[in-house]
Amino acid sequence: MSNPLDQKVFWFKKALPTLIAIVICGAYLENRFRIGIDDQKDRCLPGNHRWFVVDTYAKDIRRDDLVAFAADQRMAMAPWFSFTHIVIKIATGVGGDTVTVDTQTARVNGSVVSEGLALAGKLKQPAAAFIRTEIVTDGELWVTGTTENSFDSRYWGVVHPDQIIGKVYALPF
């Protein structure tokens, strides 16, 4: 095997399975996972993280999980989210939960998950417009942030199953 061309062919034959495995693995990972960056000045998620990984195959969201979902027309009433925006919030209510929103708190099954309606004025609505009691149906999520200024389910309601992109994991940097 002294011919340089024969050596290259030999090397290529040896490397081809590894290259194919890398391409397949990369395609799988690229299809399953997304990297998200929170570029907001005021963050409303726990831990003040900036970087996130979204697992698009993990759609079985449980209470207190971080969830990524697509904004819809209900969120367009404010300048924060466009229809193409991907939003990350905490799933504080799941199917079967009772949610009550008043001017002081939002409660899920009686437990406070967020306070006040600080954004009502910015949305050009009286706080009373957001007061309600509802039951989260199966597959839907009630989502909130950790601050009173979080634009969340208090203002636009539940996240529908077709909006859910996947479960989110915060990265430590």
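Shown above is the structure to which this text applies.
Being a predicted model, the structure only gives us computed values, none of them experimental.

Visitor: Lay out the overall build of the chain with the relevant residues and their values.
Guide: Along its length, the chain carries two helices and ten strands. When the helices and strands of the chain are listed from N to C terminus, the series reads α-β-β-β-β-β-β-β-β-β-α-β. In summary, the chain has a C-alpha radius of gyration of 22 Å against a globular reference of 16 Å for 173 residues, an excess of more than 25%. By principal-axis analysis of the C-alpha atoms, the chain measures approximately 85 × 35 × 30 Å. Counting every position in the chain, which comprises 173 residues, the buried fraction comes to 39%. Sequence-distant contacts, at least 24 apart, represent 62% of the contacts inside the chain between residues at least 6 apart. Put simply, the chain shows about 10200 Å² of open surface, and 58% of that area lies on carbon and sulfur atoms. Averaging the locations of the 19 positively and 19 negatively charged side chains of the chain gives two centres separated by 7 Å.

Visitor: Quick rundown of the environment of Leu171? Include the residues and the values.
Guide: Considering the arrangement of structural elements, one finds Leu171 in the segment after strand 10 (164-170). Between the C-alpha atom of Leu171 and that of Val158, which follows or precedes it by 13 residues, the distance is 26 Å. With near-sequence residues (within four places) excluded, Leu171 lies in contact with His49, Trp51, Phe52 and Val53.

Visitor: Could you give me a rundown of the side chain of Asp97, with the residues and numbers involved?
Guide: You can see Asp97 is positioned in the loop between strand 4 (86-93) and strand 5 (98-101). Since its relative accessible area comes to 5%, Asp97 is described here as buried. Residues contacting Asp97, with those up to four places away along its chain left out, are Arg63, Thr92, Val108, Asn109, Glu134, Ile135 and Val136.

Visitor: Just give me the short version of the packing of aromatic side chains, but keep the residues and values in it.
Guide: Under the counting rule described, the total for this entry stands at five aromatic pairs. Note on Phe151 and Tyr155: the rings are 5.9 Å apart at their centroids and 25 degrees apart in plane angle, and the pair reads as stacked. Among the aromatic residues, those joined into a cluster by ring pairs are Phe69, Phe130, Phe151, Tyr155 and Trp156.

Visitor: Break down the pattern of salt bridges for me, citing the residues and quoting the values.
Guide: Under the counting rule described, the total for this entry stands at seven salt bridges. Here Asp60 makes a salt bridge to Arg62, at a shortest N to O gap of 3.4 Å. Arg62 matches Asp60 in its accessibility class, with the two residues each being exposed. Among the ionic pairs, Asp65 bridges to Lys167, the shortest N-O distance being 3.6 Å. Taken together, the positions of Asp65 in the loop between strand 2 (51-55) and strand 3 (66-70) and Lys167 in strand 10 put the pair 102 residues apart, joining distant regions of the chain. Judged by its relative accessible area of 14%, Asp65 is buried.

Visitor: Can you break down helix 1 (residues 4-32) residue by residue, with the values?
Guide: Given a rise of 1.5 Å per residue, 29 residues ought to cover 42 Å, and the 41 Å separating the end C-alpha atoms of helix 1 matches this to within 8%. Of all the bends in helix 1, the greatest reaches close to 40 degrees and is centred on Ala15; the proline Pro17 follows between one and four positions later.

Visitor: With reference to specific residues and values, describe the sheet that holds strand 6 (residues 105-108).
Guide: The sheet built from four strands is open, its strands ordered 7-6-5-8 with antiparallel pairing. The two strands at the open ends of the sheet, each matched to only one other strand, are strand 7 (111-115) and strand 8 (132-135). For this sheet, the mean inter-axis angle between neighbouring strands, taken without regard to orientation, is 20 degrees. Here strand 5 runs beside strand 6; their pairing, made up of three bridges, is antiparallel.

Calculation notes
Residues numbered from 1 in each chain as written. Predicted model: local features only at pLDDT ≥ 70, side-chain atom pairs only at ≥ 80, totals over all residues. Heavy atoms only, no water. Helix = DSSP H or I, 4+ residues; strand = E, 2+ residues; numbered from the N terminus. Rg over C-alpha atoms; globule rule 2.2 N^0.38 Å. Buried < 20%, exposed > 50% of the residue type's maximum accessible area, 1.4 Å probe, protein only. Contact = heavy atoms within 4.5 Å. Areas by Shrake-Rupley, 256 points an atom, 1.4 Å probe, with all protein chains shown as cover. Lys, Arg positive; Asp, Glu negative; His and termini not counted. Charge placed at Lys NZ, Arg CZ, Asp CG, Glu CD. Phe/Tyr/Trp six-rings, centres within 6.5 Å; stacked < 30°, edge-to-face > 60°. Salt bridge = Lys/Arg side-chain N within 4 Å of Asp/Glu carboxyl O. Expected span 1.5 Å × (residues − 1). Bend = angle between axes of the 7 residues up to and from the residue. Pairing = 2+ DSSP bridges. Axes fitted to C-alpha atoms, helices over the stretch in contact; angles between N-to-C directions.

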